[in-house]
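# Structural overview
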Amino acid sequence: FRGVLVWFLTGCSKKYGGSGSPSELHPLTLTSNYWYGGVESKPKLSAPSSFSFSREKKLEPHQGCVVSGSPTAVVSFAKNYCRAYTDLTWVNSKLSKIGWRPHKKDFLINLQLQDPIQEGIFIHEEAFLTLLPTNYSRLPLDDKVCRETLKSFIYSLEHPGLHSIDHIGILTSQQVLVSAEKVAPYGSLKDIIYRKKGPKEAYDQKYPEDSGGIALDLLTTARYGRQILLTLEYLHSMRLYFGHLHTGNILVCPEGQLKLTGLCNAFMSVPIKNAKLMNHVCPNKNSRHASYRANAKRLELTDIVSFGRVLYEMAVGTELPLAQPDVTDYVTIPKSITRILKKIFPSTSKYEPTSTALGRTEEPDILEP
């Protein structure tokens, strides 16, 4: 399977303009072409200029996508989609807007899953059905082999720190990716920090701009930070860069394990949160013509800086308002956390930390299992 993935996503033997050489471009990086412009800007390729899946495609954000239709049409589409699959059962069409993206639609459904203990027995769990526009994707989604390969690869991602995606559908005619993920009853890490109950409440009501949360204790911050680092290290070991790491995309499970969600955002190359702030720390300079190695380093640094922002929010109780912490911010933060943040946001731009390096830090509080 890995051979098929490499063959297809590295150019399909020049069918889509690629050289077909796995040494030139890793397929996992291809699926996460992040960019740092505003929502209305056009995305930039993180791949070398010699590689092009759909270079000439003119992208109009969300135009032609089913989510840009009337609310009634969107609900009707979601209902009909559920009817087409026996494992999806429609529940509610009045779910509050649980995320910050205006063009991402979520609905509450019941998901039928195989019981992990008794074979042939099925259980039903609450899940979110998400409609995500594919307009930003540079992958040739019109090709059935590409769609099936991408879906198989997403299903194959297994790690204790990743929230499983239980259903994926890519409909090119409606320009939408449909996914289903089980509801996390404890909500997100952001819910924990801001003391909010339930993952189904409206995002804007839970987190108004002037709201503040409560900092987590040092041991919890260290334990959560360690779990996030291990998950990033797993993704980076495959040269897969997340790009969408923030406390709203980190789910808290009953056993205390954190799980990253929002992987489909990365595969569809949608704009990242805090793009302008991230641009100051991880500048996107001529990414189209930069070397593969340079782009990979920039993408990895994006994840590390995002981790620093998450660490700051856990330690302080509010989002980092600037591109990086100010000197005065470190006064109220525990020294062990401060030392980690200064490695992520150094005074000089020459040092670029990695998830592996941070995971092997000598700080005992961060290493605490």
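Bear in mind that the values here come from a model prediction, so they are computed numbers and not experimental data.

What follows concerns the overall build of the chain. A count of helices and strands for the chain gives 13 helices and 7 strands. Residue burial in the chain is summarised as follows: out of 369 residues, 54% are buried. Pairs at least 24 apart in sequence give 65% of the contacts found in the chain among residues at least 6 apart. Element-wise, carbon and sulfur atoms account for 52% of the exposed surface of the chain, whose accessible area totals about 17,100 Å².

Spanning 13 residues, helix α3 (residues 71–83) covers 19 Å between terminal C-alpha atoms, matching the ideal 18 Å at 1.5 Å per step. Along α3, the residues that are buried comprise Val 74, Val 75, Phe 77, Ala 78, Tyr 81 and Cys 82. End-on, the buried residues of α3 take up no more than an arc of 160 degrees, which puts them together on one face. Facing away from the buried side of α3 by more than 90 degrees, the exposed set consists of Thr 72 and Arg 83. On its buried face, α3 sits against β1 (88–92), β2 (105–114), β3 (122–133), β4 (167–171) and β5 (176–182).

For the rest of this paragraph, the subject is the sheet that holds β2. Strand order across the open sheet formed by 5 strands is β1-β2-β3-β5-β4, with antiparallel pairing between neighbours. Across the chains shown, the open sheet's two edge strands, defined by having one partner strand only, are β1 and β4. Taken over all neighbouring pairs, the strand axes of this sheet differ in orientation by 30 degrees on average, direction set aside. Relative to β2, β1 runs antiparallel, the two being bridged by 4 bridges. From the neighbouring strand, Asn 92 faces β2, where its bridge partner is Leu 108.

Within the structure shown, the criterion is met by 4 salt bridges. Across the salt bridge formed by Lys 182 and Asp 166, the nearest N and O atoms sit 3.3 Å from each other. One end of the pair, Lys 182, is in strand β5; the other, Asp 166, is in the loop between α4 (144–156) and β4, and 16 residues separate them in sequence. Among the ionic pairs, Glu 313 bridges to Lys 190, the shortest N-O distance being 3.0 Å. Taken together, the residues Glu 313 in helix α10 (residues 292–316) and Lys 190 in helix α5 (residues 189–193) connect sequence positions 123 residues apart. By relative accessible area, which is 5% here, Glu 313 ends up buried. Through salt bridges with shared partners, a single network forms among Lys 190, Glu 313 and Glu 319.

Within a pair of aromatic rings, the relevant descriptors are the distance that separates the centres and the angle that separates the planes. A full pass over the atoms with the stated rule returns 4 aromatic pairs. Measuring from ring centre to ring centre gives 6.3 Å for Phe 77 and Tyr 81, while their planes differ by 35 degrees; the resulting arrangement is tilted. Remark: Tyr 81 and Phe 77 occur in helix α3; sequence separation between them is 4 residues, near one turn of the helix. Like Phe 77, the residue Tyr 81 is buried in the burial classification. When the ring of Tyr 81 is compared with that of Tyr 85, the centres are 4.9 Å apart and the planes differ by 35 degrees; the resulting orientation is tilted. What makes Tyr 81 buried here is its relative accessible area of 6%. Grouped by ring-pair contacts, the aromatic residues Phe 77, Tyr 81 and Tyr 85 constitute a single cluster. We note Lys 342 situated over the ring of Tyr 330; from NZ or CZ to the ring centre the distance is 5.2 Å.

Attention shifts here to empty space enclosed by the protein. In this approach, a probe sized like a water molecule rolls over the atoms, and the result shows the empty space that is left. Counted under the stated rule, the structure contains 2 cavities of 30 Å³ or more. By volume, the largest cavity amounts to about 600 Å³. Lining the largest cavity are 34 residues, with Ile 98, Lys 104, Gly 248, Asn 249 and Thr 261 sitting closest to its centre. When contributions to the lining of the largest cavity are tallied by element, the ones reaching two or more residues are β3, β5, α6 (203–206) and α8 (263–267). Counting residues per element, the lining of the largest cavity draws most heavily on β5, which supplies 4 residues. The class makeup of the residues in the lining of the largest cavity is 14 nonpolar, 12 polar and 8 charged. Lining the second largest cavity are 17 residues, with Leu 245, His 246, Lys 273, Asn 274 and Arg 309 sitting closest to its centre. Looking at the lining of the second largest cavity, the element that brings in the most residues is α10, giving 4 residues. Looking at the lining of the second largest cavity residue by residue, the class counts come to 5 nonpolar, 7 polar and 5 charged.

Conventions and cut-offs
- Residues numbered from 1 in each chain as written.
- Predicted model: local features only at pLDDT ≥ 70, side-chain atom pairs only at ≥ 80, totals over all residues.
- Heavy atoms only, no water.
- Helix = DSSP H or I, 4+ residues; strand = E, 2+ residues; numbered from the N terminus.
- Buried < 20%, exposed > 50% of the residue type's maximum accessible area, 1.4 Å probe, protein only.
- Contact = heavy atoms within 4.5 Å.
- Areas by Shrake-Rupley, 256 points an atom, 1.4 Å probe, with all protein chains shown as cover.
- Expected span 1.5 Å × (residues − 1).
- Arc of directions from axis to C-beta.
- Pairing = 2+ DSSP bridges.
- Axes fitted to C-alpha atoms, helices over the stretch in contact; angles between N-to-C directions.
- Salt bridge = Lys/Arg side-chain N within 4 Å of Asp/Glu carboxyl O.
- Phe/Tyr/Trp six-rings, centres within 6.5 Å; stacked < 30°, edge-to-face > 60°.
- Lys NZ or Arg CZ within 6 Å of the ring centre and 35° of its normal.
- 1 Å grid on protein atoms, 1.4 Å probe; cavity = no way out; pocket = protein on both sides within 12 Å on 5 of 7 lines; lining within 4 Å.
- Points joined across faces, edges and corners; volume = space filled by probe spheres on them.
- Nonpolar A, V, L, I, M, F, W, Y, C, P; charged D, E, K, R; others polar.

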